[in-house]
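Observations on chain architecture
Read off the chains here:
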Amino acid sequence: MKNYTEKKFTFHSLEGISEKTMEVHLGLYAGYVKNTNTIIELIDSMDGDDSKKFALLEARRRFSFEFGGMRNHEYFFEQLGGGIRELDPESALAKKMSQDFGSVDRWKKDFLKLTAMRGVGFAILYYDKEEMKLVNSWIDEQHIGHLNSAQFIFGVDLWEHAFLLDYVPSEKATYVQAVFHNTNFGIVEKRFEESE
């Protein structure tokens, strides 16, 4: 299996999310990429060795966590900073939100309720191509609860490392608002358009 390459991200003066937080966050992302590659190499080295069957199975189980951490962060970082700060009310995504949730505001209210959940993970807006509908969903950690075949459209990292340098736990909602404020909705709209 081929190794993965760490992507580089540039953030343009995020408001409400410090440079220190992003520095720490990027370091954690680099760890997910490194660990994904380490597991790939481990699997390759053990494949075909019956004496390492259980170790191989555990490595494969761990792969989903590390790979999920890598991809979730790539989507999250890609949408942050610069560009269009508001969802275009005439965009295909805004129209679909209105169709599926009643309005963009109702989608956002529903999404914000999801971000208030306790625990570590991501709140994600997915597009389910089979049913042709938008779905807000929570995933635990990096890998538990992803919606099969649904496309990641927009997400908020809700692990404590994403906000604890800037906010106390009771201010998590302020962090979530900072993510919304710093999101380039042009990228989010493009993800939706490409997923249809």
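Reference entry: report on the structure contained in this document. (Residues numbered from 1 in each chain as written. Predicted model: local features only at pLDDT ≥ 70, side-chain atom pairs only at ≥ 80, totals over all residues. Heavy atoms only, no water.)

This brings us to the packing of aromatic side chains. Throughout the structure, instances matching the rule amount to 21 aromatic pairs. Summarising the aromatic geometry, the rings of phenylalanine 9 and phenylalanine 77 are spaced 5.4 Å apart at their centres and angled 65 degrees between planes, so their arrangement reads as edge-to-face. Of this pair, phenylalanine 9 sits in the segment before α1 (19-46) while phenylalanine 77 is found in helix α2 (residues 53-78), placing the two residues 68 residues apart along the sequence. A relative accessible area of 1% places phenylalanine 77 in the buried class. Aromatic side chains tryptophan 107 and phenylalanine 111 sit 5.4 Å apart centroid to centroid with 35 degrees between the ring planes, which places their arrangement in the tilted category. On the criterion of helical spacing, the pair formed by tryptophan 107 and phenylalanine 111 is a turn pair, its members being 4 residues apart in helix α4 (residues 104-115). Here a set of aromatic residues connected by ring pairs shows up, and it is made of Phe9, Phe11, Tyr29, Phe76, Phe77 and Phe122. (Phe/Tyr/Trp six-rings, centres within 6.5 Å; stacked < 30°, edge-to-face > 60°. Helix = DSSP H or I, 4+ residues; strand = E, 2+ residues; numbered from the N terminus. Buried < 20%, exposed > 50% of the residue type's maximum accessible area, 1.4 Å probe, protein only.)

On to the pairing of strand β1 (residues 121-128). Summarising burial for β1: 8 of the 8 residues are buried, a large majority. Note that β1 and strand β2 (residues 133-140) share 8 bridges and pair antiparallel. The residue of β2 that forms the bridge with tyrosine 127 is leucine 134. If you look at the hairpin formed by β1 and β2, you'll find 4 residues sitting between the two strands, and methionine 132 has a positive phi there, around 55 degrees. Here 6 bridges tie β1 to strand β3 (residues 151-157), and the two strands are oriented antiparallel to one another. (Pairing = 2+ DSSP bridges.)

Turning our eyes to something else, we now look at unusual backbone geometry. Phi at methionine 132 is positive, roughly 55 degrees, even though this residue is not glycine. The topology assignment puts methionine 132 in the loop between β1 and β2. Residues other than glycine seldom take positive phi values, yet serine 149 does so here, at roughly 70 degrees. Residue placement: serine 149 occurs in the loop between β2 and β3.

This part takes up the packing of α4 against helix α5 (residues 172-182). Helix-helix packing is characterised by the crossing angle of the two axes and by the distance between the axes. Two elements in contact, α4 and α5, have axes whose closest approach is 10 Å; the angle formed by their N-to-C orientations is 135 degrees. Considering the angle they form, α4 stands oblique to α5. Along this stretch, α4 crosses α5, giving a crossing that reads as right-handed. In contact with Trp107, Lys108, Phe111, Leu112 and Thr115 of α4, α5 contributes Lys172, Val176, Gln177 and Phe180. Along the lines of polarity and charge, the residues of the contact of α4 with α5 split into 5 nonpolar, 2 polar and 2 charged. (Axes fitted to C-alpha atoms, helices over the stretch in contact; angles between N-to-C directions. Parallel < 35°, antiparallel > 145°, perpendicular 65-115°, else oblique. Left-handed = near helix turned anticlockwise from the far one by under 90°. Contact = heavy atoms within 4.5 Å. Nonpolar A, V, L, I, M, F, W, Y, C, P; charged D, E, K, R; others polar.)

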